[in-house]
Amino acid sequence: MEKIRLKLKAYDHRVLDRSVASIVEAVKRTGAELRGPIPLPTKIRKYTVIKGPHVNKDSREQFEIRVHARLIDIIAATPDTVDSLMKLDLAPEVDVEVRSMGQE
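Reading the values: the criteria
- Residues numbered from 1 in each chain as written.
- Predicted model: local features only at pLDDT ≥ 70, side-chain atom pairs only at ≥ 80, totals over all residues.
- Heavy atoms only, no water.
- UniProt positions renumbered as here; feature names shortened; annotations may be inferred.
- Salt bridge = Lys/Arg side-chain N within 4 Å of Asp/Glu carboxyl O.
- Helix = DSSP H or I, 4+ residues; strand = E, 2+ residues; numbered from the N terminus.
- Expected span 1.5 Å × (residues − 1).
- Buried < 20%, exposed > 50% of the residue type's maximum accessible area, 1.4 Å probe, protein only.
- Contact = heavy atoms within 4.5 Å.
- 1 Å grid on protein atoms, 1.4 Å probe; cavity = no way out; pocket = protein on both sides within 12 Å on 5 of 7 lines; lining within 4 Å.
- Points joined across faces, edges and corners; volume = space filled by probe spheres on them.
- Nonpolar A, V, L, I, M, F, W, Y, C, P; charged D, E, K, R; others polar.
- Arc of directions from axis to C-beta.
- Axes fitted to C-alpha atoms, helices over the stretch in contact; angles between N-to-C directions.
- Parallel < 35°, antiparallel > 145°, perpendicular 65-115°, else oblique.
- Left-handed = near helix turned anticlockwise from the far one by under 90°.

Per an unreviewed UniProt entry, the protein goes by Small ribosomal subunit protein uS10 and derives from Malaciobacter mytili LMG 24559. Comment text from UniProt for the protein, heading Subunit (unreviewed entry), reads "Part of the 30S ribosomal subunit." A UniProt comment under Function (unreviewed entry) is attached to the protein, and it reads "Involved in the binding of tRNA to the ribosomes."

Written out as structure tokens, the structure reads:
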């Protein structure tokens, strides 16, 4: 029995929530205990760009990128849990970071 921490990131929160729901369903099917999903603060990166390359310094455009994140802790992971997580087909725009927290 080991602890696994999954950190999921995506630009679109709807796609992220769908992926989290499929992970939670797969983990519950194997009988493992989990904590989460815990919504982490949304990171907002803002960029200001001058519209004209040579003139009109006062004319600018602003863009922002929002990165949504969720955290899932699987407390009592079994080999079946790991197999079911590997078989999941998640959306390509969701970044999944997996960290093993060791044995209990």
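Take the pattern of salt bridges next. A pair can form between side chains of opposite charge whenever their charged atoms are brought close. Summed over the entire model, instances satisfying the criterion amount to six salt bridges. When the shortest N-O distance is used, the salt bridge between Glu33 and Arg35 registers 2.9 Å.

The UniProt record annotates "domain: Small ribosomal subunit protein uS10" (unreviewed entry) at residues 5-99. A helix fraction of 28% and a strand fraction of 48% characterise residues 5-99, whose end C-alpha atoms lie 5 Å from each other.

Turning to helix α1 (residues 13-30), a few remarks are in order. When the terminal C-alpha atoms of α1 are compared, their 26 Å separation across 18 residues agrees well with the 26 Å that a helix rising 1.5 Å per residue should span. Turning to α1, its buried residues number three or more, namely Val15, Leu16, Ser19, Val20, Ile23, Val24, Ala26 and Val27. Packing partners of the buried residues in α1 comprise β1 (2-10), β2 (34-50), β3 (60-77) and α2 (79-87). Gly31 sits one or two residues past α1 and shows a positive phi near 90°.

Moving on, we come to the layout of surface pockets. In this structure, the largest pocket occupies an estimated 210 Å³ of space. Lining the largest pocket are Glu2, Ile4, Leu6, Ile23, Val82, Leu85, Met86, Leu88, Leu90, Val96, Val98 and Ser100. Listing elements by their share of the lining of the largest pocket, those giving two or more residues are β1, α2 and β4 (95-103). A class-by-class count of the residues in the lining of the largest pocket yields 10 nonpolar, one polar and one charged.

Next up on the list: α2. Restricting attention to buried positions, one finds in α2 the residues Thr81, Ser84 and Leu85. Each buried residue of α2 sits inside an arc of 100° when the element is viewed along its axis, so together they form one side. Set apart from the buried face of α2 by more than 90 degrees, the exposed residues are Pro79, Asp80, Met86 and Lys87. Residues of α2 that are buried in the fold lie against β1, α1 and β3.

Once that is clear, we can look at the packing of α1 against α2. Packing of α1 against α2 brings their axes to within 9 Å, and their N-to-C directions diverge by 150°. Between α1 and α2, the crossing angle belongs to the class labelled roughly antiparallel. Crossing handedness for the pair α1 and α2: right-handed. Facing Ile23, Ala26, Val27 and Thr30 of α1, the residues of α2 in contact are Asp80, Thr81, Ser84 and Leu85.

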